[in-house]
2 protein chains.
Amino acid sequence: MRHRMSLSTEEIQTKLLATGVQPTLQRIAICRYVLCEADHPTAEQVKEWAEKNLEKISQATVYNTLNTLVDAGLLRVFKFPHSEKVIYDNNVHDHYHFLDESSGHLYDIEPKDVSVEMEVPAKFIVNSMEIVLKGQLKAN
Amino acid sequence: MRHRMSLSTEEIQTKLLATGVQPTLQRIAICRYVLCEADHPTAEQVKEWAEKNLEKISQATVYNTLNTLVDAGLLRVFKFPHSEKVIYDNNVHDHYHFLDESSGHLYDIEPKDVSVEMEVPAKFIVNSMEIVLKGQLKAN
DNA sequence: AATCAGATTTAGAACTATTCTAAATTACGA
DNA sequence: TCGTAATTTAGAATAGTTCTAAATCTGATT
């Protein structure tokens, strides 16, 4: 279940301004991709998309922009064991992940769709919890 | 709860031979550290230890040896979100981790010490599960 | 003990993903 | 319109790990 937002340029601008980020051409374009279209993209994928959809953009700007969006709380970064590359997630709320080991595809798992009952040794005070499930999709 | 084994050189040799790994000087030394003494070390820490405890060892041998031990099933590799570096774990059974966010220290959590009740959307066939808890240790 | 083949070790280059640097460009407010 | 700050850029730098190919070691066979 992807967080697909469909946002107009104005809505993106508003979102950026609301989080104190200057809505430049490059940032708006990248937002169009990472907030609306993409599904757990890597920086590389963002760059590929941006090169197709902008006159010209540098690697540094892609990274700068993604970091800016993360700092602004519009995006989250994750790093999974199966890949060196960071992935960006437009689902900024607490959630878990499922990795389809055959395709490498990632799926968000909403906390409401799982029940985790966890009891840990008393000496640990748990603030947060990262869960990655691995397996395959049911064939059916 | 660390998996501290105290193993003699002979026992290490036997372990290596049993898994089809030639027990060279370097490998035995590194085993002495990673199987007995170390606690979730990085390759860098293994290298530092090895430089103190061997005449001479190269970076490549440290990495080669760690990879060999992982392939042999004597060690597991993990990669956590809070660090770029891979860590090696001599606990090769299924288990989870707790990250003390104040110290950066990792603790193994044995499955028997937690109860995880998890129900996920039916389309996912879950084969394994990585769990990292984050927080602090209870003060007292 | 000497030989040879294969395994291991090594120094250093290469690689990948990301960040840094410092100059050029752009945008915003006065 | 001007000046200052923010943004973008190319390319260098960095970190962690792997690769390469030469040197060394091992240990089985003679």
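Above: the structure in question.
Residues numbered from 1 in each chain as written. Chains lettered and ligands numbered in written order. Predicted model: local features only at pLDDT ≥ 70, side-chain atom pairs only at ≥ 80, totals over all residues.

(A) Up close: the overall build of chain A. Helix and strand counts for chain A stand at four helices and five strands. When its helices and strands are written in sequence order, chain A yields α-α-α-α-β-β-β-β-β. Principal-axis analysis of the C-alpha atoms places the extent of chain A at approximately 50 × 35 × 25 Å. Here chain A holds 140 residues, and 24% of them are scored as buried. Within chain A, counting contacts between residues at least 6 apart in sequence, those at least 24 apart form 46% of the total. (Helix = DSSP H or I, 4+ residues; strand = E, 2+ residues; numbered from the N terminus. Buried ≥ 20, exposed ≤ 12 C-beta atoms within 10 Å, placed from the backbone. Contact = placed C-beta atoms within 7 Å.)

(B) Representation of the protein's contact with DNA strand C. With respect to spatial proximity, 21 residues lie near DNA strand C, and among them Val86 of chain A together with Gln22, Thr24, Ser58 and Thr61 of chain B are the closest. Residue assignment for the surface near DNA strand C shows that the elements contributing at least two residues are α4 (59-71) of chain A together with α2 (25-37) and α4 (59-71) of chain B. Split by residue class, the surface near DNA strand C holds six nonpolar, 11 polar and four charged. (Near = placed C-beta within 6 Å. Nonpolar A, V, L, I, M, F, W, Y, C, P; charged D, E, K, R; others polar.)

(C) Just the sheet that holds strand β5 (residues 124-137) of chain B, in detail. The strand order across the open sheet built from six strands is β4(A)-β3(A)-β5(A)-β5(B)-β3(B)-β4(B), with neighbouring strands paired in mixed fashion. Only two strands of the sheet have a single partner each, and these edge strands are β4 (106-109) of chain A together with β4 (106-109) of chain B. The average angle at which neighbouring strand axes cross in this sheet is 25°, direction not considered. Bridge count for strand β3 (residues 96-100) of chain B against β4 of chain B is four bridges, and the pairing is antiparallel. If you follow His97 of chain B over to β4 of chain B, its bridge partner there is Asp108 of chain B. (Pairing = 2+ DSSP bridges. Axes fitted to C-alpha atoms, helices over the stretch in contact; angles between N-to-C directions.)

(D) Focus on the relation of the copies chain B and chain A. You can overlay chain B on chain A at an RMSD of 0.1 Å; the transform is a turn of 180° with a shift of 0.0 Å along its axis. The operation mapping one copy onto its partner corresponds to a two-fold rotation axis. Interface overlap between copies is the fraction of interface residues in one copy that are interface residues in the other; for chain B against chain A it reaches 100%, indicating a shared surface. (Least-squares fit on C-alpha atoms with pLDDT ≥ 70 in both.)

(E) Representation of the protein's contact with DNA strand D. Close contacts around DNA strand D come from 23 residues, with Thr24, Ser58, Ala60 and Thr61 of chain A together with Val86 of chain B the closest. Elements supplying a minimum of two residues to the surface near DNA strand D: α2 (25-37) and α4 of chain A together with α3 (43-53) and α4 of chain B. With five residues, the top contributor of residues to the surface near DNA strand D is α4 of chain A.

(F) Broad picture of the interface of chain B and chain A. Taken together, the contact between chain B and chain A spans 30 residues of the former and 30 residues of the latter. Here the side of chain B that touches chain A takes 14 residues from β5 of chain B, the largest share from any one element. Taken together, the residues of the side of chain B that touches chain A sort by class into 17 nonpolar, five polar and eight charged. Summarising the sheet, strand β5 (residues 124-137) of chain A and β5 of chain B pair through 13 bridges and their orientation is antiparallel. Along β5 of chain B, the bridge assignment pairs Ser128 of chain A with Lys134 of chain B.

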